[in-house]
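# Residue-level structure breakdown
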Amino acid sequence: MNILFIMYDQLRHDYLSCAGHPHLHTPNFDRVAAMGVRFTNAYVQSPICGASRMSFYTGRYVSSHGAQWNGFPLRVGEQTLGDHLRREGMDCWLIGKTHMNADAEGMARLGLSPDSIIGARQAECGFDTWIRDDGLWGEGPDGFYDEKRSPYNEYLKSKGYPSENPWADFANAGVDEDGNTASGWMFANADKPANIREEDSETPWLTQKTIEFIEQTEAPWCAHVSYIKPHWPYIVPAPYHNMFGSNNVPQALRHDVERDNPHPVFGAYMDSKISQAFQREDVRQKVIPAYMGLIKQCDDQLGVLLDYLEESGRMDDTMIVLTSDHGDYLGDHWMGEKDLFHESSVKIPLIVYDPRSRADTTRGKTCDALVESVDLAATFIEAAGGEVPGHIIEGRSLQPWLDGETPPWRAFAVSEYDYSATQQCVKLGLEPRDARLFMVFDGRYKLMHAEGGFRPMLFDLQNDPDEFYDLAKDNAHQAEVDRLYGHLATWGRRLAQRVTCSDDDIRTMRGRSARKGILPFLYDGSEVDEELTVKYRSRVTRKYGSE
């Protein structure tokens, strides 16, 4: 079996028609949901691109793998999907974005050349790279945000777009009334069509690269197809730029009570520039229709990919996974972007189609179990025919849910956020080591713990599904706070770093030293089996020191 692991960047869990969006029709996401299982309570391990993706790729929590922010390198030696799947005879390829930085210092220390196979895989998060493009080719006074070569930019140049950076000048920019570039970085331009042929824009380009990969590869393979959209810049080519209007923009999910004596960290984020922008209704009226257009384009391109799989016969031997690395506030809770642990940010779409007959009983079903992004690594290893190495992988395989079983499952989900590299850390006067947040969610109550001496936040999603009322502002719900802190303590005591010896290794190791003659603490040898002391029982041929 093959695995098509598709990730959309910054796609909210509720912006799909199969998830109940009232205006956005996504028939191809719905098509996969009808063939498989849609997990309705899936959470990322960090609501920021880089840290979240490293948890997907390693199957480990953020505080285990250590790459806690965009640009923080994933340390050399951390095992990833590629390592686990290759052991089971399955290739593992990247097509698109990873947002991963290589541990160049660690590679140099170990003498790993980036030009070697192992070095290249270490530098690419364990993947073999069909094509990598992280998709943010911003350029300022100090140069490019991403200094790597952009295959997409090279493609646009080959198509005749006259620019050194056509990603910025065409794919993510429109044209204003005076004939000037209208950059997608400016929210005021979000309602303009991107100045690019739709078939040349990022999402169709990556779809075609995916089809090219499948046509030439031999099974079994795992392909991580990682789209940059619907991530900002919020601008989309025609005809998607005006498919949606102000009548399709939902009312922001926010309440004045949230701004009344907010948690200091929450308050700092509400005061950020991006949040202030999304507090403006004119911004939301321009951005959200563009965001919906980007999702609609993603859905149409998913249809192209699904049609290809069906026509080529690959639908019958390919597991398909649709997900996102985090959500997007879009003005909910007075916020923009992602970052904190409200559902808009930390909850993700997750749809899994398993072509095997074992999953026939669950087709078209939903599952409301608490699922974490680290569960996909375990699922893929099992799908490849392997045994999940529980001393390394911290997630749990979703296969039982796909097979219609009800396995013993986790009682709570955890997410982490290290904001030490942000202005919010500076504003709050924190040292980098204290700028850390943790979420514990048991399906009803959600606790946010903040290091640095702050109080927690607490929400009751049963009685307050919109997460407006922070119950930790007083002591009336201290019992729930204490209970959730107990869960956090249990999670904090997990065995996370003993990754070189499995439980089976340890069981096999027991008693091995005795069989090799290490027999301390014996009185006369009768305490152990006779065979263990045979080398120490013989006739003395000569006595020394007493002559």
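Preceding this paragraph is the structure being described.
Numbering of residues begins from 1 in every chain and follows the order in which that chain's sequence is written. Residues qualify for local features only when their pLDDT is at least 70, as the model is predicted, and side-chain atom pairs are given and counted only at 80 or more; totals for whole chains, interfaces and linings, by contrast, use all residues. Only hydrogens and water are removed before side-chain values are computed, so all heavy atoms of the structure are retained for them.

### Points about the overall build of the protein
Numbered from the N terminus, helices here are DSSP runs of H or I no shorter than four residues, and strands are runs of E no shorter than two. Looking only at helices and strands, the protein features 18 helices and 21 strands. Here the C-alpha atoms of the protein give a radius of gyration of 26 Å, agreeing with the 24 Å that 2.2 N^0.38 yields for 547 residues. In terms of principal-axis extent, the alpha carbons of the protein reach across some 110 × 60 × 55 Å. Each residue is assigned to one of three classes by its accessible area relative to the maximum for its type, calculated with a 1.4 Å probe on protein chains only: buried under 20%, partly exposed between the two thresholds, exposed over 50%. Per-residue burial over the protein gives 58% buried out of 547 residues. Throughout, the Shrake-Rupley method with a 1.4 Å probe supplies accessible areas, and for residues the shown protein chains are the sole cover considered. Accessible area for the protein stands at about 23,700 Å²; split by element, carbon and sulfur atoms hold 49% of it. All tallies of charge rest on Lys and Arg as positive and Asp and Glu as negative; His and the ends of each chain are not included. In this description, the location of a charge corresponds to atom NZ of lysine, CZ of arginine, CG of aspartate or CD of glutamate. Separation of charge centres in the protein, based on 57 positive and 84 negative side chains, amounts to 6 Å. In this setup the radius of gyration rests on C-alpha atoms only. A globule is expected at 2.2 Å times the number of residues raised to 0.38.

### A look at the sheet that holds strand E13 (residues 318-324)
Paired strands, as defined in this entry, are two strands with at least two bridges between them according to DSSP. If you walk across this open sheet you meet the eight strands as E5-E4-E11-E1-E13-E15-E2-E16, and the pairing is mixed. Among the strands making up the open sheet, the edge pair consists of strand E5 (128-132) and strand E16 (365-367). Geometrically, the sheet is characterised by an average inter-axis angle of 15° between neighbouring strands, direction not taken into account. When strand E1 (residues 2-8) meets E13, the two strands line up parallel, connected through seven bridges. By the bridge assignment, Met7 is partnered in E13 with Thr323. To get an axis, a line is fitted to the C-alpha atoms, and for a helix only the part in contact is used. The angle between two axes follows their N-to-C directions and goes from 0 to 180 degrees.

### As for helix H14 (residues 375-383)
Among the nine residues in H14, eight count as buried, and that is most of the element. Those residues of H14 that sit buried are Asp375, Leu376, Ala377, Ala378, Thr379, Phe380, Ile381 and Ala383. Gly385 sits one or two residues past H14 and shows a positive phi near 95°.

### Remarks on the pattern of salt bridges
In the sections that follow, a salt bridge refers to a side-chain nitrogen of Lys or Arg positioned within 4 Å of a carboxyl oxygen of Asp or Glu. Applying the stated criterion across every chain, the model contains 43 salt bridges. The salt bridge involving Glu281 is made with Arg254; its shortest N-O contact spans 4.0 Å. Pair noted here: Glu281 is in helix H12 (residues 281-311) and Arg254 is in the loop between strand E12 (236-237) and helix H10 (264-270), with a separation of 27 residues, a long-range link. The class for Glu281 is partly exposed, based on a relative accessible area of 35%. Between Arg444 and Asp460 there is a salt bridge, with the nearest N and O atoms lying 2.9 Å from each other. With Arg444 in the loop between strand E19 (436-441) and strand E20 (445-450) and Asp460 in strand E21 (residues 457-460), the pair connects residues that are 16 residues apart, well separated along the chain. Taking relative accessible area as the criterion, Arg444 reaches 27% and is therefore assigned partly exposed. The buried category is assigned to Asp460, whose relative accessible area is 6%. In this structure, a network of salt bridges that share partners links the residues Asp9, Arg53, Lys97 and Asp325.

### Let's talk about helix H9 (residues 202-216)
With 15 residues, H9 extends 22 Å from end C-alpha to end C-alpha; this agrees with the ideal 21 Å at 1.5 Å per step. Along H9, the residues that are buried comprise Glu202, Thr203, Pro204, Trp205, Leu206, Thr207, Thr210, Ile211, Phe213 and Ile214. For a helix, the expected span equals 1.5 Å multiplied by the residue count minus one.

### Topic: the environment of Ile235
Of note, Ile235 is situated in the loop between strand E11 (221-227) and E12. What makes two residues a contact is simply this: any of their non-hydrogen atoms within 4.5 Å. For Ile235, the contacting residues outside a window of four places in its chain are Ala171, Asn172, Ala173, Gly174, Ala182, Gly184, Asn189, Ala190, Lys192, Ala194 and Leu294.

### A closer look at the sheet that holds strand E18 (residues 413-418)
The four strands lie next to each other as E18-E19-E20-E21, forming an open sheet whose pairing is antiparallel. Of all strands in the sheet, those with a lone pairing partner are E18 and E21, marking the two edges. Taken pair by pair, the neighbouring strands of this sheet meet at an average axis angle of 15°, ignoring direction. As judged from the five bridges shared by E19 and E20, these two strands associate in the antiparallel manner. Within E20, the position partnered with Phe441 by the bridge is Lys446. Most of the contacts of helix H17 (residues 478-492) go to E20, to which it runs at about 65°, and overall it touches E18, E19, E20 and E21.

### Some words on the side chain of Asp339
Relative to the elements of secondary structure, Asp339 occurs in the loop between E13 and helix H13 (343-346). Lacking a salt bridge, the buried Asp339 has Lys338 as its closest oppositely charged neighbour, with an N-O distance of 6.4 Å. Beyond its immediate stretch of four places on either side in the chain, Asp339 contacts Pro47, Ile48, Tyr269, Tyr329, Ser345 and Tyr417.

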